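Listed here are the chains, written in short residue letters.
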Amino acid sequence: MLRLDIVQHFPSIDHEILIELLSEQISEPDVLQLIRTIVQSGRGVLDDEYRMAWFPGDDLMASVRPRGLPIGNLTSQFWSNCYLHPLDLFAKRVLGCRSYLRYVDDFALFSNSKQDLWRWKSAIVEFLGCLRLRIHQESADVQPTRCGIPWLGFVVYPTHRRVKSRKVRDARRRLSARLDEYHAGRITFAELDASVHGWINHVRYADTWGLRRRILSRLIIQRSGSELQHRAPQS
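Parameters at a glance
Residues numbered from 1 in each chain as written. Predicted model: local features only at pLDDT ≥ 70, side-chain atom pairs only at ≥ 80, totals over all residues. Heavy atoms only, no water. Helix = DSSP H or I, 4+ residues; strand = E, 2+ residues; numbered from the N terminus. Rg over C-alpha atoms; globule rule 2.2 N^0.38 Å. Buried < 20%, exposed > 50% of the residue type's maximum accessible area, 1.4 Å probe, protein only. Contact = heavy atoms within 4.5 Å. Lys, Arg positive; Asp, Glu negative; His and termini not counted. Charge placed at Lys NZ, Arg CZ, Asp CG, Glu CD. Pairing = 2+ DSSP bridges. Axes fitted to C-alpha atoms, helices over the stretch in contact; angles between N-to-C directions. Core = buried A, V, L, I, M, F, W, Y, C linked by side-chain atoms within 4.5 Å. Polar contact = N/O pair within 3.5 Å; in protein donor to acceptor, adjacent residues only side chain to side chain. Arc of directions from axis to C-beta.

Enquirer: Got a minute to help me understand the overall build of the chain in this structure?
Expert: Helix and strand counts for the chain stand at 8 helices and 8 strands. Taking 18 Å as the expected radius of gyration for a compact globule of 235 residues, we find that the chain reaches 23 Å, considerably beyond that expectation. In terms of its C-alpha atoms, the chain occupies a principal-axis envelope of roughly 75 × 45 × 35 Å. Across the 235 residues of the chain, 40% fall into the buried class. Considering only contacts within the chain whose residues lie at least 6 apart along the sequence, 61% involve residues at least 24 apart. With 34 positive and 26 negative side-chain charges, the chain shows a separation of 11 Å between the mean positions of the two kinds.

Enquirer: I tried to follow the sheet that holds strand 4 (residues 149–151) on my own but got confused; where do I start?
Expert: Where strands meet in a sheet, backbone hydrogen bonds hold them as pairs that are either parallel or antiparallel. An order of 4-5-6 is seen for the 3 strands of this open sheet, with the pairing classed as antiparallel. The open sheet terminates on both sides in strands that have one partner only, identified here as strand 4 and strand 6 (161–163). The mean inter-strand angle of the sheet, taken between neighbouring strand axes irrespective of direction, is 30 degrees. Bridge count for strand 4 against strand 5 (residues 154–156) is 3 bridges, and the pairing is antiparallel. Bridged to Trp-151 within strand 5 is Phe-154.

Enquirer: Can you help me understand the nonpolar core in this one?
Expert: Side chains of a nonpolar character, in soluble globular proteins, are inclined to be buried together. Counting 37 residues, the largest nonpolar core has Phe-107, Leu-109, Ile-124 and Leu-128 as its most contacted members. Listed by contribution, the elements that provide at least two residues to this core are strand 1 (2–5), helix 2 (15–23), helix 3 (29–40), helix 4 (74–94), strand 3 (106–110) and helix 5 (114–130). A per-element tally of this core places helix 4 first, with 7 residues. Setting aside residues no more than four positions away along its own chain, Leu-109 makes contact with Met-1, Leu-2, Leu-4, Ala-91, Leu-95, Cys-97, Ser-99, Tyr-100, Leu-117, Trp-120 and Ile-124.

Enquirer: It is not clear to me how the pairing of strand 3 should be interpreted in this structure. Could you clarify?
Expert: For a regular strand, the rule is simple: side chains alternate between the two faces of the sheet. When you tally the buried positions in strand 3, you get 4 out of 5 residues, the bulk of the element. Pairing of strand 1 with strand 3, which is carried by 4 bridges, proceeds in the antiparallel orientation. Within the sheet, the bridge partner assigned to Arg-3 lies in strand 3 and is Ala-108. Where strand 2 (residues 99–103) meets strand 3, 5 bridges bridge the pair, whose relative direction is antiparallel. Bridging across to strand 3, Arg-102 finds its partner in Phe-107. Here strand 2 folds back onto strand 3, and the loop between the two strands holds 2 residues, one of which, Val-104, carries a positive phi near 55 degrees.

Enquirer: What am I meant to see in the side chain of Ser-12 here?
Expert: Among the secondary structure elements, Ser-12 is positioned in helix 1 (residues 9–12). In this structure the side chain of Ser-12 is engaged in a polar contact, spanning 2.6 Å, whose partner is the backbone oxygen of Gln-8. Dropping the residues within four chain positions of it, Ser-12 is found in contact with Val-7, Tyr-50, Arg-67, Arg-132 and Leu-133.

Enquirer: Teacher, can you tell me more about helix 8 (residues 209–216) here?
Expert: Side chains that are three or four residues apart share a direction in an α-helix, a result of its 3.6 residues per turn. Of the positions making up helix 8, those classed as buried are Leu-211, Arg-212, Ile-215 and Leu-216. For helix 8, the angular spread of the buried residues around the axis is 110 degrees, confining them to a single face. Those residues of helix 8 hidden inside the fold are in contact with strand 6, helix 6 (165–183) and helix 7 (189–203).

Written out as structure tokens, the structure reads:
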């Protein structure tokens with residue numbers, strides 16, 4: 001298994017390359033002009049998050065190329081997939097990877113051959129350079145699937161799934177903070193309940209029955225007046 005992710009994905013998306021890719025599928029001038037207007041609105045928005053990367057053939061003007069898509073825009077999520085669609089085709093059709101998956105800028109390739117995976121990594125790095133993108137080299141490693149695949153907040157094993165340790169720590173702090181806000185009267189019980197059940201609905205996709213009991217048992221809700229203490233609902 002080879003898992004890769006892209007450095008500063010949204011800040012790195014190059015406007016000129018994106019428009020060129022979209023224009024291959026869209027021929028209506030008015031639609032393309034609207035797209036250009038929306039894309040250009042993101043220029044400079046993420047400059048503080050972007051660290052300049054140089055690619056073969058660059059000159060000094062490369063540093064002022066318009067780039068970046070606002071992460072909160074719904075169009076940004078869609079255009080991100082359009083931008084990386086050539087990568088999907090490259091992995092499947094050119095490299096011949098039969099087991100490939102991608103979610104936004106996280107992607108993984110599977111093969112029984114370590115040599116194929118290392119070769120694919122080099123080819124993908126070169127291909128992404130044409131899109132002015134880079135991968136996190138320090139985390140791009142070939143590993144057996146039995147070691148687990150970090151994916152969307154989980155670690156996926158052949159037989160089960162677990163929540164990443166960092167996500168567990170974050171959830172414990174976040175839920176404790178929400179409980180403190182409730183006790184201070186800054187949020188309602190309905191808002192606290194929504195936070196708890198939102199977390200439950202996320203982690204239930206992993207093997208987390210024991211984790212849920214352990215975290216939720218610590219959320220002691222202080223009722224006002226003569227009401228007794230009771231524990232937050234468990235699931």
